[in-house]
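Working through the structure, step by step
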Amino acid sequence: MSLTLYNTLTRREEPFVPLEPGRVRMYCCGVTVYDYCHVGHARSYTIWDVVRRYLMWRGYQVRYVQNFTDIDDKILNRARETGSTMQAVADRFTETYFEDMERLNVLKADEYPRATHTLNGIQRLIRELETRGFAYPANGDVYYRVRKFDGYGKLSNRKLEEMEAGRSGRVEAADADAPKKEDPFDFALWKAAKPEEPFWESPWGNGRPGWHIECSAMVRDCLGETIDIHCGGADLVFPHHENEIAQSEAATGKPLANFWLHNGMVTVSGEKMSKSLGNFTTIRDLLDGKWSVYPQVVDPMALRLFILQAHYRKPLDFTPEAIASAENGWNTLKEGLLFGKKFGEKLGWNDAETETISAYQERFQQAMDGDINTPGGLAVVFELAKALQREGNVLVHQGKADTDAATLQQQWHTLVELAEVLGLEVRSQEEPQTAVGGLTDAEIEALIDRRKAARQAKNFAESDRLRDELKTSGITLIDKPGGITEWHR
RNA sequence: GGGGGCAUAGCCAAGUGGUAAGGCAGGAGACUGCAAAUCUCCGAUUCCCCGGUUCAAAUCCGGGUGCCCCCUCCA
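Overview of the structure. (Residues numbered from 1 in each chain as written. Chains lettered and ligands numbered in written order. Predicted model: local features only at pLDDT ≥ 70, side-chain atom pairs only at ≥ 80, totals over all residues. Heavy atoms only, no water.)

A few words now on the sheet that holds strand 12 (residues 271-272). Taken in spatial order, the three strands line up as 12-11-13 in an open sheet, and their pairing is mixed. In this open sheet, the two strands that pair with only one neighbour each are strand 12 and strand 13 (316-317). Both strand 11 (residues 266-268) and strand 13 contribute to a ladder of two bridges, which runs parallel. Bridging across to strand 13, T267 finds its partner in D317. (Pairing = 2+ DSSP bridges. Helix = DSSP H or I, 4+ residues; strand = E, 2+ residues; numbered from the N terminus.)

If you want it as structure tokens, here you go:
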């Protein structure tokens, strides 16, 4: 069995073979740090996190690099609007990126290059392109000579003539740089500084790098001339990744990446979630219960589950119903994942190494090997979680489980292992134990005692009133056989 | 105009030639004073439409229809 991945470059699923046996070099296009991340970003970084985790689980040593674009017009605009500086804005939203990803349990990259720290590599690359005739200066700017690169269009599968011919029905925005370009398709490698903008010195004058060049330079600096996997959102295929290929391959004469992976867009009512459409929900607003159509706190793992329940290349529609569904699904998984903590000791589990159940492992792997089929992998995880949830309840109600302790331990071990490959973990620090209703445990117990008395006296009106009273304080009661009542917040 | 992708139960979603995974929601029963929780059971004669290939197709081929993404910053 081997892992196959859909490669945008060849438009086929291909067996994944790394350049160097056992090692994977992976680069992911990161965010431009000018605002909070939204659910679309969450999807992208979650899915690449899963690809990375899966490769590691498959035994590869993965080196994962993801950049921050911290030089950009949008950051500058934000700085102007808020009376701040590009650096300060970039630092702030780099920080919030980390906070959001931490909540989503996205593993930290091995390296986070930033445009502002890569100026040497960028300038070196531009100089090489200039020497080779792929770049030309024009009034302080430097442009890439697109028509000189034969392979231009190979990733996005388009021909310059055809793009020229149609140009879609959109209004063509005037390109202010057009007079400086030899050809309308040329793009900027270096932009001359405008008054009052931050700049860096260069052989072409003071200025700053264009967007595409930073990734070419960072990949080379951090991972080498050819890497195994380059990934990002499907909206980056053209022009961003196409231009990266043009820059890197013109300079080195080698392929930039063997596999190009792209994730599908998150949509809202069928339309792409994006800043420009204004239909986005930030990760923190969603998790903190500030999404207007779903004003409840959302478990980060439910968001993760929502993302993984769709195949990564398909569009994913973001709706309150889907989030509610994912929350319920996560509760089931969580029950399964907590099984060991709740019942392990009672079942007399030993500390010895427990084996993963191969039947489940193989089914999981088979699904994931098929272009990271997370919905298929989740089916296996859910089967285990449901089985354990059931056993847990049988155990609580009948005092003993239907399955022997050793098998349960293996099932639990398998569940935890496979769920972790998907990054689905119960993280204890996320359980806020603040008493919403302000009742202390003793007060709650006292109310329960009063209700018990009422029930024994068959005064059900009073007992139901007490139950409702507790309910409004956020306390749920569970009546069990033998007159025992348990409660939880 | 060009390029890419998608259409499977109420909703989400796997499945690429061998007779439809899984999740959510829903229904019935058990339990309960009633609830909640839990347990058991139940759902597509059918995979957008029309043709074709085949012993056999959701899966392959041809033709339609509808939707999304990209060609402008974008994950």
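Let us look at the side chain of T282. In this structure, T282 sits in the loop between strand 12 and helix 8 (283-287). Discounting residues that sit within four places of it in the chain, T282 has contacts with Y36, C37 and H38. (Contact = heavy atoms within 4.5 Å.)

With that settled, consider the side chain of Q411. On the secondary structure map, Q411 appears in helix 13 (residues 405-421). Taking relative accessible area as the criterion, Q411 reaches 13% and is therefore assigned buried. Residues in contact with Q411, not counting those within four places in the same chain, are I357, L384 and L388. (Buried < 20%, exposed > 50% of the residue type's maximum accessible area, 1.4 Å probe, protein only.)

Counted by the stated rule, this structure contains 38 salt bridges. We note a salt bridge from K180 to D141, for which the minimum N-O separation is 2.7 Å. You can see K180 sitting in the loop between helix 5 (160-166) and strand 7 (187-192) and its partner D141 sitting in strand 6 (residues 141-144), a full 39 residues away along the chain. Of the residues examined, D141 reaches a relative accessible area of 5% and is grouped as buried. Several salt bridges converge on common partners, so that one network encompasses R124, E128, R220, D221, E225 and K254. (Salt bridge = Lys/Arg side-chain N within 4 Å of Asp/Glu carboxyl O.)

This brings us to the pairing of strand 1 (residues 4-7). Note that strand 1 and strand 2 (residues 12-15) share four bridges and pair antiparallel. Counterpart to L5 in the pairing with strand 2 is E14. From the end of strand 1 to the start of strand 2, which pair antiparallel, there are four residues, and R11 there has a positive phi angle of about 55 degrees.

All right, on to the packing of helix 1 (residues 39-57) against helix 9 (residues 300-308) then. In contact at an axis separation of 10 Å, helix 1 and helix 9 are set at 80 degrees when each is read in the N-to-C sense. What the angle tells us is that helix 1 and helix 9 run roughly perpendicular. For the pair formed by helix 1 and helix 9, the contact residues are V39, A42, R43, T46, I47, D49, V50 and R53 on the first element and L303, R304, F306, I307 and L308 on the second. (Axes fitted to C-alpha atoms, helices over the stretch in contact; angles between N-to-C directions. Parallel < 35°, antiparallel > 145°, perpendicular 65-115°, else oblique.)

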